[in-house]
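Below, each chain spelled out in residue letters.
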Amino acid sequence: MKTISILVPCYNEEVVLLKFYERVQSVIKDIADCEFNFVFVNDGSTDSTVDIMRHLRKNNANVHYVNLSRNFGKEIAMIAGLDHVDSDAVIIMDADLQDPPELLPEMISWWNKGYKDVCAKRRSRDGESWFKKWSSHTYYKLLQHMTNIPIQIDVGDFRLLDRQCIEALKLFRESQRYTKGMFSWIGFDKKEILFDRDARAAGKTKWNYWKLFNLAIEGITSFTMLPLRIASILGCILSITTMIYMIYVILRTLIFGEAVRGYPSMVSIILFIGGVQIFFLGIIGEYLGRIFNETKHRPLYLVKEYDGEIVIKQKV
Ligand code: UDP
Ligand code: MG
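Residues numbered from 1 in each chain as written. Chains lettered and ligands numbered in written order. Predicted model: local features only at pLDDT ≥ 70, side-chain atom pairs only at ≥ 80, totals over all residues. Heavy atoms only, no water.

**Student:** Got a minute to help me understand the side chain of Asn67 in this structure?
**Tutor:** Tracing the backbone through its elements, the reader meets Asn67 in strand β3 (residues 63-68). Within the local environment of Asn67, its side chain forms a polar contact with the side chain of Asn42, the two groups lying 2.8 Å apart. Setting aside chain neighbours within four positions, we find Asn67 in contact with Asn42, Val50, Arg54, Leu302, Val303, Lys304 and Glu305. (Helix = DSSP H or I, 4+ residues; strand = E, 2+ residues; numbered from the N terminus. Polar contact = N/O pair within 3.5 Å; in protein donor to acceptor, adjacent residues only side chain to side chain. Contact = heavy atoms within 4.5 Å.)

Written as structure tokens, this is what we have:
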């Protein structure tokens, strides 16, 4: 019998976690040909989320939980979970019931047909502002233009991954993670199925525009060097134009002489070039910062407790 793990990163989800568990249970009890277990990752919650996990584990040996030493963010929580999954496949789900468990049978049937990565594509997104929808759509289009790996639009982390994909993803040990891009990067046979994303069942989203903006920069800097390329090209164009202008100014001065004039144009040019330089220095800084972070080779996360046992020696 094939085994499937349900991986749930959780950060302050005490209000929905039990509800989530019960709804998933009611769906999977009807799926006869697979054995299920849960891997909850407590991402440094400050509420009683981990107590709920302990309680679930006490009543069901198929529930496992990884208790991280602090809040590391969803991207890290996901790889922490993947490191602790030992089933034939994993299904990554949000705890807030935005990813409907009713979709699981369809996902599993595609997996049985041989697909290695069955992802759920949002047909609609309830409870999200038009600005969030619009900005996310534009961003993915932009990202797609900047990189040559196909980026999946409107596809989140809700997906079923075969063991083959799990092992592939575990090889990615970069600390600033953009998991959505990694799913695309690894390839393998993908199948997209459509679903309507519900609004959060309870509790509040942990994302704000600042965090989303940072994730967006992460996505660009970890998957494309195009901004650096643009900087070089624009730098070339600017140098050539200024060179031509310089020759013109010198010739004009030699032929016609020069009464001191042109203060406004000089100031505008200095300010413009200065601005462009600082902007591109910033871009270089973004990449340099990533290099700095990756060269430290720190562990991605630390576990303080696994299934009720205190962890002294870290796995990774
Ligand atoms: N999450 C996490 N660590 C964090 C933030 C979020 O593990 O630092 C989890 C959260 O508990 C939820 C999932 O990631 O299960 C998605 O979070 P959320 O619903 O806040 O994001 P949204 O659905 O608004 O994109
Ligand atoms: Mg959510």
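**Student:** Honestly, the nonpolar core in this entry has me stumped. Any pointers?
**Tutor:** Generally speaking, a soluble globular protein has its nonpolar side chains buried in company with each other. Membership of the largest hydrophobic core comes to 38 residues, with the highest contact counts inside it found for Leu68, Leu161 and Tyr301. Among the secondary structure elements, those contributing two or more residues to this core are β2 (34-42), β3, α3 (74-83), β4 (89-92), α5 (130-146), α6 (163-170), α7 (179-186) and α8 (209-223). With six residues, the single largest contributor to this core is α3. Ranked by size, the runner-up nonpolar core spans 37 residues in total, among them Phe36, Val63, Met93 and Leu103. (Core = buried A, V, L, I, M, F, W, Y, C linked by side-chain atoms within 4.5 Å. Buried < 20%, exposed > 50% of the residue type's maximum accessible area, 1.4 Å probe, protein only.)

**Student:** Sorry, what's going on with the packing of helix α1 (residues 17-28) against helix α2 (residues 49-59) here?
**Tutor:** When two helices pack together, their arrangement is given by the angle between the helix axes and the distance between those axes. Closest axis-to-axis distance for the α1/α2 pair is 10 Å, and the angle between their directions is 35°. Contact residues: Leu17, Leu18 and Tyr21 in α1; Thr49, Ile52, Met53 and Leu56 in α2. Partitioned by chemical class, the residues of the contact of α1 with α2 number six nonpolar, one polar and no charged. (Axes fitted to C-alpha atoms, helices over the stretch in contact; angles between N-to-C directions. Nonpolar A, V, L, I, M, F, W, Y, C, P; charged D, E, K, R; others polar.)

**Student:** Whenever I open this one, the side chain of Asp307 confuses me. Can you help?
**Tutor:** Assignment of secondary structure puts Asp307 in the loop between β8 (303-306) and β9 (309-310). Polar side-chain contacts of Asp307 include one of 2.8 Å to the backbone nitrogen of Tyr65. Beyond its immediate chain neighbours, meaning those up to four positions away, Asp307 contacts Arg57, Val63, His64 and Tyr65.

**Student:** Before we go on, may I ask you to explain the pattern of salt bridges in this structure?
**Tutor:** Pairs may arise between side chains of opposite charge once their charged atoms sit close together. For the coordinates displayed, the defined rule picks out 16 salt bridges. Ionic pairing is found between Arg123 and Asp196, a salt bridge with its closest N-O pair at 3.1 Å. Residue Arg123 is found in strand β5 (residues 117-125), and its partner Asp196 is found in strand β7 (residues 190-197); the two are separated by 73 residues along the sequence. With relative accessibility at 52%, the residue Arg123 sits in the exposed group. Look at Asp196 and you get partly exposed, because its relative accessible area is 36%. A salt bridge links Glu167 to Arg163; the nearest nitrogen and oxygen atoms lie 2.8 Å apart. Within this pair, Glu167 and its partner Arg163 are both found in helix α6, separated by four residues, close to a single helical turn. Classification of Glu167 as partly exposed rests on a relative accessible area of 37%. (Salt bridge = Lys/Arg side-chain N within 4 Å of Asp/Glu carboxyl O.)

**Student:** Would you take a moment to explain the site of ligand 1 for this structure?
**Tutor:** The full set close to ligand 1 counts 17 residues, and Glu13, Asp43, Asp96, Gln98 and Thr205 are the nearest of them. In the environment of ligand 1, an oxygen atom lies 3.0 Å from a nitrogen or oxygen atom belonging to the backbone of Ala95. Note that an oxygen atom of ligand 1 is positioned 2.6 Å from one of the side-chain N or O atoms of Asp96. Computed on the free molecule, ligand 1 has an accessible area of 530 Å², of which 93% lies beneath the protein chains in the complex. For the shell around ligand 1, the residue count by class is five nonpolar, four polar and eight charged. (Near = heavy atom within 4 Å. Areas by Shrake-Rupley, 256 points an atom, 1.4 Å probe, with all protein chains shown as cover.)

**Student:** Even after reading the chapter, I still don't get the pairing of β4, so can you show me in this structure?
**Tutor:** Successive residues of a regular strand alternate their side chains across the two faces of the sheet. Side chains Ala89 and Ile91 of β4 all project onto a buried face; the interleaved residues Val90 and Ile92 project onto the opposite face, where all are buried too. Bridge analysis of strand β1 (residues 2-10) against β4 gives four bridges, and the strand direction is parallel. Bridge pairing in β4 places Ile6 opposite Ile91. Sheet topology places β4 next to strand β6 (residues 155-162); four bridges connect them, and they run antiparallel. Counterpart to Ile92 in the pairing with β6 is Arg159. (Pairing = 2+ DSSP bridges.)

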